Amino acid sequence: MTLRFRFIRRLVRTGGGLGLTVLMGLAPTEAATSTNLNFEVHIRPILKAHCFHCHGESENPKAGLDLRLRRFMVPHQTDADGALLVSGDPDRSALLTVIRDGKMPKGGKGPTPAELERIAEWIRQGAPTLRPEPESLPRGFYLTEEDRTFWSFQPITKASPPSNREPNPIDAWVALGHDATGLSFAPPADRRTLIRRVSLDLLGLPPTPEEVEAFVGDSAPDAFERLVDRYLARPQYGERWGRHWLDIAGYADSNGFVEADSVRAQSWRYRDYVIQSFNTDQPWNEFIAEQLAGDELASAHHADTQAALADPARREALIATGFLRQVPDGTGDGPPDPNLARNQVMAETLKVVSSAFLGLTVGCAQCHDHRYDPISQADYFRLRAIFEPALNWKEWRAPGERQYSLYSAEDRARAEAIEAEARTLDSAADQLHKELLDQAFEKQLALLPEELRETVRIARNTEPGNRTAEQKELFKKYPSADVRYSLDLYDPEGNKKVTAKRAEANQIRSTKPPEGFVMALTEVADRVPETVRHHRGDHDQPREVVRPDELEVLAPLGSLEAAIASARSGKSTSGRRLAYAQWLTSGRHPLVARVLVNRFWQHHFGQGLVRTSGDFGHLGEPPTHPELLDWLAADFMEHDWKLKRLQRLIVTSRTYRQSSVHAVAEQRDPDHRWLARFPMRRLEAETLRDSLLAASGDLNLFPAGPPIPVARHGSGRIVVGEEKLNANGEPVDVGSVSGAELRRSVYIQVRRSRPLTVLETFDLPVLAPNCERRALTTVAPQSLLLMNDAFLVEQGRHLARRLEFENGQELSRAVLRAWEILYATQPSDSELARCQDFYNRQLQVFRQNRPPESTQSAESEALASLCQVLLSSNRFLYLE
C-alpha cells in the first residue's frame, strides 16, 4: 500500500460516509460500480432524504411501508408493482421502479439519476447490509451506528504532529498531505507581497509605504513575527476581525421582516462590544457565554437591570446578549400575523445559534425530522426550549420593550428635576398664551354689535367639533371673532413673549443627561414557559411537551438536565441558556471548537479545512486535513480559547507565508485543497472600500459609536449621508455627515433594505438571517461600478491630489509613489511606460475637451483618470 493511498484512506475513515468519492474525485456513478455497497452507508441516506417522511419516520407510515431497515422491505408487496425488493434484480424491485417511473415520491423531488443507479447497483450486489439488523424499531426517528460515528460528532482528539522536519505543527500536517499527493510547498512570498497580505488580512487595510520599507529593510530573523504582533495590537484588528463575527451574528441596524424595516437604534453597542472583544483577545469561552447568557451571568432579568447596567463588566455582558437580538424582528411594526412573526423570530434565532456554534442546519428540522442529518424535530424543539424563557411567544415583548436605560439613579433624579422645572415654564407659557388670547378676543368682541357679544362668547368657548350649525354660521359671518389659537395674528409682541418662555423651557430640557439604551435579551423573573412540539412546525398545532436538552446524537457526551438545575439554583431566571453555554464551552463538545477554528482558517485562506463551514453534517464536505482540524481545535481550547495566539501560529506558518504562484500545484490542485500555494482571492467589500479610502488619504479612523447613516440618492444608489426628503417623503438630496462618511465600513449603518451600493456590488452579504460564508463573485456590475461610480471617481481624484501634493508635477515620481501606496511595490519599466502612455493620451483628451467650468487642470484630470485605473486593477482588488 502506497503512502498516497494510506493517507487518503485515513481521511475517509475520519471524514466518514462517502468521503472516498469526494477525495478521489470519483463521480457517484463511478463509485457505485467500483465499491461494495451496503444499505446503511450508501442507500439509507437516499431513502431518508426522499422517502422516510412518509415511509418511516411518521407515526403511521403510508401503505404500512417502513423503509428504515432492509429487512422491512423484503416481505413487502405493492398492489400494482409487485415485490418491493428482489435481491439481485433491480428491474423487478418496486423500490427502484416506482421512483424511476415517477410514481414516487409524490409531491417531492426524487433521487438523482446517480442515486438511482446507486440503488440499482446495491440491488444487483444482493442488497447487502453492513451488519445484522434489529428485529424491530420504535416508531419515528432513531439513530443508526453511522449517525453516531459520523466524523463531526466524535470527540476532538489531538494527535502528535508528524515528524517531518517542519517545526510549525500546521506545516507538519500540511506537508503530510503534500507527501500523499505528490505536491510540495511553493517558494516563500517576497516580503512586499507578504506584508500587504498580512496587513489586509489582519487589519483590513493596506500597509503604508513606510511600513513596507521598514519591514523589507529589517534583517532580523523575527522581523515578520514582530510585524504580526504589532498588527494584532492595533485597534483596526478588532474592526477587521469583528466584522467576520458580525456576519455570523447577522448584525443589522434595522429590524427588517416587514417593509417598514424600522431602525434598530441601539444595535451598535453590540457591534462595539464585538470589536472590543477581539481587540482585548477575550477568551472565546467567555465570549460565547456572554452572548448566549450574559443576562444570567449578570444576574439580571427583565424588571431588574439597573444594578447590572451600573457595573461596567455586567453591563458588557448584557450588551453581549445583543447577539440574540440581531435576527429580523418586525413584531413592533404591525405585522399581518403577529403570532407567526413572533415564532419566526425564534426560528431565525435558532438558525443563527446553531450555525454559529454547531455548524449544522438545525433549522431544517423545524417542521419534520432532518432529511439528511441525525436531527429530529424533537431535537429542534429541545433546543428551542433552551431559549423559550427569553423569547416566549405567548407573552411577547416587542423590540421597544427589550431596551434598557443606561440612566443611573442620580441621572434619573437629575432628569426628573430638570423636567419639573421645564414643565413649570411650560405652564407659565400656556397661562400667558391663554391670557393674551382672551385679551385679543375681548378686543374683537368689542367690535361686534352688543346684542351678539354673549352669543359669540359662548360659541368661542365651545369646542369646534361640538358647535351648533348656528354657531358655525356665526363665525363664518364674523371670522375675526374666533380667537382661539393663532396669537401672532392679534398680538405679535405678546406671542414673542410666549415663544421665548417656551424656548427657555426647551433649553432647560436640553441640559438633561443624555439617556442611552442597551438592546439586550432577558427573561421575566420566575416565568419558565412550557415548550411543546409544533406539528409540521405550525404553532397552532401543539403536541407533546418537550424538555430543554442537547441533540440526541450528542447525548452520550453530555446532558443539560443536571447543568440547568445547577445554573438555576438560587436564581430567578431559568438557567437554561447559561447551562447550554457552559456545555458548549466545556471542551467536551465535539462541534464548537472545530467549527470556530475552521472559520478562522477560512478567513485566513479563503476556505476552511471543511469547505462547507456552515454545514458539518452529511451534505457538507469532510475535512481535507482532519488531523490538522482536530489539532487546531484542541490546541485552541488548551490555550484558554485565545484567538490571537492561534492566529500568530497560522500566519507565521510556512503554509501561510508561501507564494500564491506554483505551477505544479495550479495544475494538480486547482481547488487549493492541499495548500501547496497561497490561495489568491479578491478583497471583501468592506476591505476594498476601506483600502480605497486609505489609498486616497481620506480614511477617518475614528472608532465606535452610533452608525453613520445611509441614504437613497436621487440616482437610486445607496450612499453614506443624511437623507433629505420632500413634503411627499421622497428623497431629494443627501446631506453631509461632516467627514463621518470617510470612516471604516464596519461603522456604516447596516440597513437591511438599503445596502450601501459600493459594498453590495462586491458581495456584501444578505443576512437571511446571517452569513456563514460570503460569496465572491466576478460580475459585470463590478467593472461598471469601478469605471463609473461617483465614489470611485472621487477616490481617484483624491489619490491624484495626494500624489501631486507629495511629488509635485513629476509624473514618474507620482507613479512610483502610487505603486508603493496601492501595491506595496514598485513598477517595472514596462509598467511605468504604460502608465506614462495612458497619462499622455488622457492628457490630450482633457486638453481638447475640458469644460470651461472645470476647476481642475488637464494635468490633474489625467492623473486622476490614471489613479482610478490603478485603483480598479486586479492587482489592487486581489490579495496575493
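We now turn to the structure provided with this report. Since this is a predicted model, take the numbers as computed values, not measurements.

## Here's the deal with the overall build of the protein chain
In step 1: Counting secondary structure elements, the protein chain contains 38 helices and 12 strands.
In step 2: In terms of overall dimensions, the protein chain has a C-alpha envelope of 115 × 80 × 55 Å along the principal axes.
In step 3: For the protein chain, with 880 residues in total, the buried portion stands at 55%.
In step 4: For the protein chain, long-range pairs separated by at least 24 residues make up 70% of all intrachain contacts whose partners lie at least 6 apart in sequence.
In step 5: Carbon together with sulfur atoms contributes 51% to the accessible area of the protein chain, which is approximately 38,700 Å² in total.

## So, the packing of helix α20 (residues 409-445) against helix α21 (residues 450-460)
In step 1: Two elements in contact, α20 and α21, have axes whose closest approach is 11 Å; the angle formed by their N-to-C orientations is 150°. The pairing of α20 with α21 is recorded here as roughly antiparallel in orientation. The two elements α20 and α21 cross, and the hand of that crossing is right-handed. Taken together, the residues of α21 that come into contact with α20 (itself represented by L437, D438, F441, E442 and L445) are R453, V456, R457 and R460.
In step 2: For the contact of α20 with α21, a count of residues per class yields four nonpolar, no polar and five charged.

## Digging into the pattern of salt bridges
In step 1: This model, assessed by the stated rule, comprises 58 salt bridges.
In step 2: Linking D229 and R648 is a salt bridge whose minimum nitrogen-to-oxygen distance equals 2.6 Å. Of this pair, D229 sits in helix α12 (residues 223-233) while R648 sits in helix α28 (residues 643-651), and the two are 419 residues apart along the sequence.
In step 3: With relative accessibility at 36%, the residue D229 sits in the partly exposed group.
In step 4: Exposure remark for R648: the relative accessible area of 33% places this residue in the partly exposed category.

## With respect to α28
Helical geometry note: an α-helix holds 3.6 residues per turn, so side chains three or four residues apart project in the same direction.
In step 1: Within α28, seven of the nine residues are buried, leaving the element largely enclosed by the surrounding structure.
In step 2: Turning to α28, its buried residues are L643, K644, L646, Q647, L649, I650 and V651.

## Observations regarding the side chain of R196
In step 1: One can find R196 in helix α10 (residues 191-203).
In step 2: Here R196 sits buried without a salt bridge, and the closest side chain of opposite charge, E880, lies 5.3 Å off (N-O distance).
In step 3: Sequence-distant contacts of R196, defined by excluding residues within four places in its chain, comprise P207, L822, Y823, A824, R875, F876, Y878 and L879.

## Regarding the nonpolar core
In step 1: Judged by nonpolar contacts, the single largest core of 180 residues is most densely connected at W245, W284, L292, F323 and Y580.
In step 2: Residues contacting L292, with those up to four places away along its chain left out, are F323, L324, V353, F357, F387, R577, Y580, A581 and L584.
In step 3: Ranked by size, the runner-up nonpolar core spans 23 residues in total, among them I46, L47, L84 and V98.

## Regarding the side chain of T462
In step 1: Inspection of the secondary structure puts T462 in the loop between α21 and α22 (469-477).
In step 2: A relative accessible area of 18% places T462 in the buried class.
In step 3: A distance of 2.8 Å separates a polar side-chain atom of T462 from the backbone oxygen of I458.
In step 4: With residues up to four places along the chain from it excluded, the contact list for T462 reads R467, Q471 and R484.

## Some details on the packing of aromatic side chains
In step 1: Counted under the stated rule, the structure contains 25 aromatic pairs.
In step 2: A ring pair is formed by W245 and F323, whose centres lie 6.0 Å apart and whose planes are at 15°; its orientation type is stacked. Residue W245 is found in helix α13 (residues 235-249), and its partner F323 is found in the loop between α17 (312-320) and α18 (338-357); the two are separated by 78 residues along the sequence.
In step 3: We classify F323 as buried; its relative accessible area is 1%.

## Remarks on the pairing of strand β10 (residues 722-725)
In step 1: In this sheet, strand β11 (residues 731-735) lies alongside β10 in antiparallel orientation, the contact comprising four bridges. From the neighbouring strand, E723 faces β11, where its bridge partner is V734.
In step 2: Taken together, β10 and the strand that follows it, β11, pair antiparallel across an intervening segment of five residues, in which G729 is found at a positive phi of about 80°.

Reading the values: rules and limits
Residues numbered from 1 in each chain as written. Predicted model: local features only at pLDDT ≥ 70, side-chain atom pairs only at ≥ 80, totals over all residues. Heavy atoms only, no water. Helix = DSSP H or I, 4+ residues; strand = E, 2+ residues; numbered from the N terminus. Buried < 20%, exposed > 50% of the residue type's maximum accessible area, 1.4 Å probe, protein only. Contact = heavy atoms within 4.5 Å. Areas by Shrake-Rupley, 256 points an atom, 1.4 Å probe, with all protein chains shown as cover. Axes fitted to C-alpha atoms, helices over the stretch in contact; angles between N-to-C directions. Parallel < 35°, antiparallel > 145°, perpendicular 65-115°, else oblique. Left-handed = near helix turned anticlockwise from the far one by under 90°. Nonpolar A, V, L, I, M, F, W, Y, C, P; charged D, E, K, R; others polar. Salt bridge = Lys/Arg side-chain N within 4 Å of Asp/Glu carboxyl O. Lys, Arg positive; Asp, Glu negative; His and termini not counted. Core = buried A, V, L, I, M, F, W, Y, C linked by side-chain atoms within 4.5 Å. Polar contact = N/O pair within 3.5 Å; in protein donor to acceptor, adjacent residues only side chain to side chain. Phe/Tyr/Trp six-rings, centres within 6.5 Å; stacked < 30°, edge-to-face > 60°. Pairing = 2+ DSSP bridges.

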